[in-house]
Amino acid sequence: MAGIRWSPEDADLLPARPPGDPVSDDDRSVAADSWSIKSDYGSTVDDDQRHADAVEGFSGCSFPAASDYSSDKDAPDANEVETSLMGSQSYWNATYAEDLANLPEHGNSSEVWFGVEVMDILVKWTKNLCDNICRGLNQSDNNSCKSEPSDTFRDLSSWRVLDIGTGNGLLLQELAKQGFHDLTGVDYSERAIELAKTLAVRGGFSYINFVVDDVLETKLGRSFQLVMDKGTLDAIGLHPDFPVKRMMYWDSVSHLVAPGGILVITSCNSTKDELLQEVEQLNQQRLGSQEENSRTESAVFQYLDHVQNYPTITLGGVDGSRVTTVALVRL
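Since we're looking at a predicted model, the values are computed, not measured.

**Q** Looking at this model, I keep getting lost on the confidence of the model for the chain. Mind explaining?
**A** Regions with low pLDDT carry predicted coordinates that are not meant to be interpreted in detail. Mean pLDDT over the chain stands at 74; residues scoring 70 or higher make up 62%. Residue range residues 1-81 is modelled with pLDDT below 50. Its contacts to residues more than four positions away, or to other chains, number 156 contacts. A low-confidence stretch, residues 139-149 (pLDDT under 50), is modelled with 28 contacts involving residues beyond four sequence positions or located in other chains.

Spelled out as structure tokens, the structure:
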């Protein structure tokens with residue numbers, strides 16, 4: 001559950017799928033049948049329709065802009081976003097069942113969510129961000145957030161890193177190449193975890209820990225210095241019950257990120273301002289609840305930095321990026 005498959009007309013923006021003949025109809029049928037490929041709405045969906053619905057779901061929806069939020073709203077209205085099969089667990093089981101079936105033909109190759117260029121920029125930017133934190137350097141644009149060095153943050157190899165909605169686990173492999181070693185990937189799809197483990201072993205990263213776990217009801221019981229989310233919050237936003245599930249998401253990650261740790265969210269459906277507005281809502285809700293209980297504690301997350309150099313595209317004469325990455329520090 002880690003991203004979006006772009007439509008055919010966007011093929012020039014992202015690398016093509018690995019070479020080789022596509023998985024046979026028989027293999028696809030076995031993979032799909034083994035996971036009872038049905039949507040949350042009860043109908044059986046073939047691969048082509050599942051792909052079309054997924055692309056339509058992501059490209060056709062948008063969360064309200066920051067200005068559309070008001071202080072008396074706990075969450076966006078349900079009619080402000082279109083739901084999609086990409087918000088269902090069955091979709092991701094089907095996706096990774098197909099990838100596993102393709103694995104014998106494609107070897108170590110697997111699809112890179114958001115594209116190779118975005119992955120490369122994200123990983124190097126994250127390493128640089130964490131390196132600066134190790135040195136106690138300020139990363140915030142407005143100089144309002146300083147990360148103090150401590151023994152916990154001295155060495156990247158000692159950072160506990162979690163990738164939520166890890167999918168095929170390739171993001172963790174790239175982070176491993178940058179010097180991170182204590183790496184854990186979780187996904188609620190068993191097929192995704194099976195694929196991630198297989199690719200990690202083949203790539204020489206058998207030490208990466210992959211666990212079946214739903215971030216909304218996590219059973220991990222530990223916190224991490226760095227938590228990565230590449231597309232998971234987007235997918236949660238496409239579930240029919242997304243207002244409740246997004247609140248569950250923020251409650252969960254607030255416990256998964258250690259104090260002083262970093263949450264890095266990469267989205268193709270929310271702008272930087274929209275993500276920060278959602279964080280501000282979380283902080284205000286937490287502070288309001290504490291005031292009612294006569295307790296005084298700080299907010300949950302604070303803006304730290306964002307990626308500024310993703311490739312841009314032009315649509316309707318307007319230049320813009322399809323991908324946003326924001327780093328938040330856990331207070």
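**Q** Where do I start with the packing of aromatic side chains in this structure?
**A** Aromatic ring pairs are defined here through the distance separating the ring centres and the angle between the ring planes. A complete count under the given rule lists 5 aromatic pairs for this structure. Each ring, one from Tyr96 and one from Trp113, has its centre 6.5 Å from the other, and the planes form 85°; the classification is edge-to-face. Of this pair, Tyr96 sits in helix α3 (residues 89-106) while Trp113 is found in the loop between α3 and α4 (116-134), placing the two residues 17 residues apart along the sequence. Pair check on accessibility: Tyr96 and Trp113 agree, each one buried.

**Q** What's the story with unusual backbone geometry in this structure? I'm lost.
**A** Residues apart from glycine generally show negative phi values, whereas peptide bonds are mostly found in trans. Look at Phe114: it is not a glycine, yet its phi comes out positive at around 70°. Judged by relative accessible area, which is 3%, Phe114 ranks as buried.

**Q** Got a minute to help me understand the sheet that holds strand β1 (residues 160-164) in this structure?
**A** What links the strands of a sheet is backbone hydrogen bonding, and the strands pair in either a parallel or an antiparallel sense. Overall, mixed pairing links the 7 strands, which are arranged β3-β2-β1-β4-β5-β9-β6 in an open sheet. Bordering the open sheet on either side are β3 (209-212) and β6 (301-306), each of which pairs with just one other strand. Between one strand axis and the next, the sheet turns through 20° on average, direction left out of account. With 5 bridges connecting them, β1 and strand β2 (residues 182-187) associate as parallel partners. Paired with Leu162 across the bridge in β2 is Thr184. Across the sheet, helix α5 (residues 170-177) touches β1, β2, β3 and β4 (224-230), and the angle it forms with β2 is around 170°.

**Q** Explain the pattern of salt bridges to me, please; I cannot follow it from the model alone.
**A** A side chain of one charge can pair with a side chain of the opposite charge when the charged atoms of the two come close. Inspection of every chain in the model, using the stated rule, returns 6 salt bridges. Measuring nitrogen to oxygen at the nearest pair gives 3.4 Å for the salt bridge that ties Lys124 to Asp120. Placement of both Lys124 and Asp120 in helix α4 is noted, with a separation of 4 residues, approximately one turn of the helix. With relative accessibility at 36%, the residue Asp120 sits in the partly exposed group. Here Glu278 and Arg246 are joined by a salt bridge, their closest N and O atoms 2.6 Å apart. With Glu278 in helix α9 (residues 272-292) and Arg246 in helix α8 (residues 242-256), this pair connects stretches of sequence that are 32 residues apart. Here Glu278 and Arg246 have matching classes, each one buried.

**Q** Is there a simple way to explain the side chain of Asn168 in this structure?
**A** If you trace the backbone, Asn168 turns up in the loop between β1 and α5. The exposure class assigned to Asn168 is buried, which follows from its relative accessible area of 3%. A polar atom in the side chain of Asn168 sits 3.1 Å from the backbone nitrogen of Leu170. Excluding residues that lie within four positions of it along the chain, Asn168 makes contacts with Tyr96, Ser110, Glu111, Trp113, Leu195, Ala196 and Leu199.

**Q** Even after reading the chapter, I still don't get the packing of α4 against α5, so can you show me in this structure?
**A** A pair of packed helices can be characterised by two numbers: the angle between their axes and the separation between those axes. Where α4 meets α5, the closest approach of the two axes is 10 Å, and the angle between their N-to-C directions is 45°. Viewed along their axes, α4 and α5 adopt a mutual orientation that is oblique. For the element pair α4 and α5, the recorded crossing hand is right-handed. Contacts between α4 and α5 involve Met119, Leu122, Val123 and Thr126 from the former and Leu170, Leu171, Glu174 and Leu175 from the latter. Its residues assigned to classes, the contact of α4 with α5 comprises 6 nonpolar, 1 polar and 1 charged.

Here is what the cut-offs are and how they apply
- Residues numbered from 1 in each chain as written.
- Predicted model: local features only at pLDDT ≥ 70, side-chain atom pairs only at ≥ 80, totals over all residues.
- Heavy atoms only, no water.
- pLDDT = per-residue confidence, 0-100.
- Contact = heavy atoms within 4.5 Å.
- Phe/Tyr/Trp six-rings, centres within 6.5 Å; stacked < 30°, edge-to-face > 60°.
- Helix = DSSP H or I, 4+ residues; strand = E, 2+ residues; numbered from the N terminus.
- Buried < 20%, exposed > 50% of the residue type's maximum accessible area, 1.4 Å probe, protein only.
- Pairing = 2+ DSSP bridges.
- Axes fitted to C-alpha atoms, helices over the stretch in contact; angles between N-to-C directions.
- Salt bridge = Lys/Arg side-chain N within 4 Å of Asp/Glu carboxyl O.
- Polar contact = N/O pair within 3.5 Å; in protein donor to acceptor, adjacent residues only side chain to side chain.
- Parallel < 35°, antiparallel > 145°, perpendicular 65-115°, else oblique.
- Left-handed = near helix turned anticlockwise from the far one by under 90°.
- Nonpolar A, V, L, I, M, F, W, Y, C, P; charged D, E, K, R; others polar.

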